[in-house]
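Letter by letter, the chains look like this.
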Amino acid sequence: MLLTVLYSFLGFIITIGILVTLHELGHYSVARWCNVKVLRFSFGFGPVLFSRRLGRDQTEWALSAIPLGGYVRMLDEGDRQDDEGPIAESDLPRAFNRQRVWKRFAIVAAGPLSNFLLAVLLLAAMFMVGVPGLAPVLSQPAAETAAAEAGLQPQDRIVAVDDQPVVVWQDVIQKLLSADASAAVTLTVERDGFSLKVPLKLSAMAESSRKGDSERSPAEQLGLHPYLGAPLLANVTKDSPASAAGLKKGDRVQAVNGVALDSPGALVEQINQTLKQTADQITAATAELTVRRDGMTLTIPVTPRLETDANGKKVARIGVTIGVDPEVNARYRVTQRYGVIESLGRGVVRTWDLTALSFKMIGRMIVGTASLKNLSGPITIADYAGQSIQAGFQQFMTYLALISIGLGVLNFLPVPLLDGGHLLYYFAEMLRGRPLPERVMEIGQRIGFALIVSLIVLALFNDFSRKF
């Protein structure tokens, strides 16, 4: 537990430190290119612990006490401290507020654009090294799901979603998220040497999105699971129903109540099938697990424990960590590796797709077709950062790219106090030929502050709800 917390803390500090510092370097670099005088570049916020002045302008490079980002302070007549006195006459042309509007626009936009550039470079590097993934080969669709109703069968291989090619399972999930959740998609699948077009309704995914179901991926909500063979038990929790029933680490669960399993997700689905709704309560019935152990086949009855997930939904759990058959995993593992030029192109395309998806998800939350429970805050970011560090360098770099895109998207939102809010003001100034009235910008700042505080509170609430 302590090691997990340490990894999460370390991952969060590294993630935020890198991304926000590069964000501010974007502002700094374009400000220097536009000949705006930079007074301070701070790594972190709060009291300055150490600083040194460098360069022709004697810019103060500072290390501050709170390592959760940083900031760039430029010469600006509206941002003077009482004890700093007037700006020297020779420096006035280099003040930020005296720059033409297109220069101010470029300086502010450079911050989030640097986050997108970082994502492109990180993803391109991953494609050059080789991005591992899982082939989109299906296991048996769960009963009464959209996948089962569509007639999808085990061992079907998805090769396209709405005629857009997919190579790995993550491509399928991204295409599903990007699709209109109120309609349907057409899956192109290969089955027994034939290519088939299968329409798949997305209403279940839309309903889960409205409810903020964070426990399952969009594919799982539709009954789609990758084929991974009979699940292995990677760990059995002490004092759990599984432990009490005699299940052991390394057991291969071949079936539940006679239903054959061919993926970890199938085990979860079948355990949840034991839930029974009576007039006034929900109970979990005993399940018969067919287990392969040391060359023998055993039948082990397990009574799941009733728990409540992060969405307040009752679920059945037996207290195991599910693993994957190494041989099956190796057989269906796909590595995407390309040359320098193609990797850069794919990095650009992947960044563009994820950015568009992020804006689309924000739009869905605004209109109410996606739940605000999808918002995540620093605790969730720290959790995933810690997990990605433990998973390895490649996973952490990929995670860094995803969070960098998220930071870029957040800062481009037209909310006063964020970069996007300033860009909105400058765009209005371009149209009007003069700045907006001070009163309008003051009201905008208050609205922006209220929105940001509300988002922070909501994100923290979601974090604590998921965690506790």
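In this text the structure is predicted, and so the values were computed from the model without any measurement.

A. Just the layout of surface pockets, in detail. Considered as a void within the structure, the second largest pocket measures approximately 240 Å³ in volume. Forming the boundary of the second largest pocket are Phe-127, Pro-165, Val-166, Val-167, Asp-171, Gln-174, Lys-175, Gln-336, Arg-346, Val-349, Arg-350 and Asp-353. Broken down by element, the residue count for the lining of the second largest pocket peaks at four residues, all from helix H10 (residues 340-367). For the lining of the second largest pocket, the class distribution of residues is five nonpolar, two polar and five charged. In this structure, the lining of the second largest pocket is formed jointly by two domains, domain 1 (108-130 + 350-468) and domain 2 (134-221), each of which donates at least three residues.

B. Spatial organisation of the packing of helix H2 (residues 101-129) against H10. Two numbers describe how H2 lies on H10: the axes approach to 7 Å, and their chain directions differ by 130 degrees. Relative to H10, the element H2 is oriented oblique. Two packed elements cross with a definite hand, and for H2 against H10 that hand is right-handed. Contacts from Phe-116, Ala-119, Val-120, Leu-121, Leu-123, Ala-124, Phe-127 and Met-128 in H2 reach Val-340, Ser-343, Leu-344, Arg-346, Gly-347, Val-348, Arg-350, Thr-351 and Thr-355 in H10. For the contact of H2 with H10, a count of residues per class yields 11 nonpolar, four polar and two charged.

C. Looking closely at the packing of aromatic side chains. Enumeration according to the criterion identifies nine aromatic pairs in this entry. Considering the side-chain rings of Tyr-28 and Trp-61, the 5.2 Å spacing of their centres and the 70 degrees angle between planes classify their relative orientation as edge-to-face. With a gap of 33 residues between them, Tyr-28 in helix H1 (residues 2-33) and Trp-61 in strand E2 (residues 59-74) connect regions that are remote in the sequence. Given a relative accessible area of 12%, Tyr-28 falls into the buried group. Take Trp-61: its relative accessible area is 23%, and that puts it in the partly exposed class. In this structure an aromatic cluster arises from ring pairing among Tyr-28, Phe-41, Phe-43 and Trp-61.

D. Highlighting the packing of H2 against helix H13 (residues 419-432). One way to put it is that H2 packs onto H13 with a least axis distance of 9 Å and a crossing angle of 160 degrees. Taken together, the axes of H2 and H13 are roughly antiparallel relative to one another. In this structure, H2 meets H13 at a crossing whose hand is left-handed. Within the contact between the two elements, H2 uses Val-101, Trp-102, Arg-104, Phe-105, Val-108, Ala-109 and Pro-112 and H13 uses Asp-419, His-422, Leu-423, Tyr-426, Glu-429 and Met-430. By residue class, the composition of the contact of H2 with H13 is nine nonpolar, one polar and three charged.

E. Spatial organisation of the pairing of strand E18 (residues 333-336). Of the two faces of E18, only the one carrying Val-334 and Gln-336 is buried; Arg-333 and Thr-335 on the other face are not. Here strand E3 (residues 131-134) pairs with E18 via four bridges, running antiparallel. Across the sheet, Gly-133 pairs through a bridge with Val-334, a residue of E18.

F. Representation of a nonpolar patch on the surface within the structure. A cluster of nonpolar residues, Leu-117, Leu-121, Met-128, Val-340, Ile-341 and Leu-344, forms a patch on the protein surface that exposes about 560 Å² of accessible area. Secondary-structure elements contributing two or more residues to the nonpolar patch are H2 and H10. By secondary structure assignment, the location of Leu-344 is in helix H10.

G. Layout of the sheet that holds strand E5 (residues 164-165). Strand order across the open sheet formed by four strands is E5-E4-E6-E7, with antiparallel pairing between neighbours. Strand pairing shows two members of the sheet lacking a second neighbour, E5 and strand E7 (194-201), which therefore form its edges. Pairing analysis gives four bridges linking strand E4 (residues 157-161) to strand E6 (residues 184-191), with the strands arranged antiparallel. When the sheet's bridge partners are listed, Ala-160 is paired in E6 with Thr-188.

H. Just the environment of Asp-57, in detail. Position of Asp-57 relative to the elements: it lies in the loop between strand E1 (38-54) and E2. Of the polar contacts made by the side chain of Asp-57, one reaches the side chain of Arg-94; its length is 2.6 Å.

I. Spatial organisation of the nonpolar core. By size, the foremost hydrophobic cluster in this structure holds 30 residues, and its most contacted members are Leu-152, Ile-158, Leu-176, Val-185, Leu-187, Leu-200 and Leu-224. Examining the composition of this core, we find that four residues originate from one element, helix H4 (residues 169-178), more than from any other. Not counting residues up to four positions away in its chain, the partners in contact with Leu-224 are Leu-138, Ala-147, Leu-152, Trp-169, Leu-176, Leu-200 and Ala-219.

Calculation criteria
All residue numbers refer to position in the chain's written sequence, counted from 1. The predicted nature of this model means local features are confined to residues of pLDDT at least 70 and side-chain atom pairs, given and counted, to a pLDDT of 80 or more, with totals for whole chains, interfaces and linings taken over all residues. Derived side-chain values reflect all non-hydrogen atoms in the structure, with water molecules and hydrogen atoms excluded from consideration. The rule is simple: put a 1 Å grid over the protein atoms alone, call a set of points where a 1.4 Å probe fits but cannot get out a cavity, call an open set with protein on both sides within 12 Å along at least five of seven lines a pocket, and count a residue as lining if it has an atom within 4 Å of a point. Grid points are joined across faces, edges and corners, and a volume is the space filled by probe spheres set on the points. Counting from the N terminus, the helices are DSSP H or I runs at least four residues long and the strands are E runs at least two residues long. Under the scheme applied here, ten amino acids are nonpolar (Ala, Val, Leu, Ile, Met, Phe, Trp, Tyr, Cys and Pro), four are charged (Asp, Glu, Lys and Arg), and all others, including Gly, are polar. Note that domain bounds follow an automatic or database assignment of domains. Every angle, taken between N-to-C directions, lies between 0 and 180 degrees, and every axis is a line fitted to C-alpha atoms, over only the stretch in contact when it is a helix. Each angle is binned into one of four classes, with values under 35 degrees roughly parallel, values over 145 roughly antiparallel, values of 65 to 115 roughly perpendicular, and all other values oblique. Left-handed describes a crossing whose near helix is turned anticlockwise from the far helix by less than a right angle; the clockwise case is right-handed. In what follows, a contact means two residues having at least one pair of non-hydrogen atoms within 4.5 Å. Each Phe, Tyr or Trp ring (for Trp, its six-membered ring) is paired with any other whose centre lies within 6.5 Å, and the angle between the two planes then decides the class: stacked below 30 degrees, edge-to-face above 60, tilted in between. Remark: exposure states derive from per-residue accessible area (1.4 Å probe, protein chains only) relative to the maximum for the residue type, with buried under 20%, exposed over 50%, and partly exposed in between. In this description, strands pair whenever DSSP reports at least two bridges between them. Each patch is built from residues lacking any salt bridge and having more than 30% relative accessible area; the joining distance is 9 Å for like charges and 5 Å for nonpolar side chains (Val, Leu, Ile, Met, Phe, Trp, Tyr). Only the protein chains shown count as cover for residues, and the accessible areas themselves come from Shrake-Rupley with a 1.4 Å probe. The term salt bridge refers to a side-chain nitrogen of Lys or Arg lying within 4 Å of a carboxyl oxygen of Asp or Glu. N or O atoms within 3.5 Å of each other form a polar contact, as long as, within protein, one can give a hydrogen and the other can take it, and as long as residues adjacent in sequence are counted only when both atoms are side-chain atoms. The definition of a nonpolar core used throughout is a set of buried Ala, Val, Leu, Ile, Met, Phe, Trp, Tyr and Cys residues joined through side-chain atoms within 4.5 Å.

These results come straight from atomic positions and should not be treated as a statement about function.
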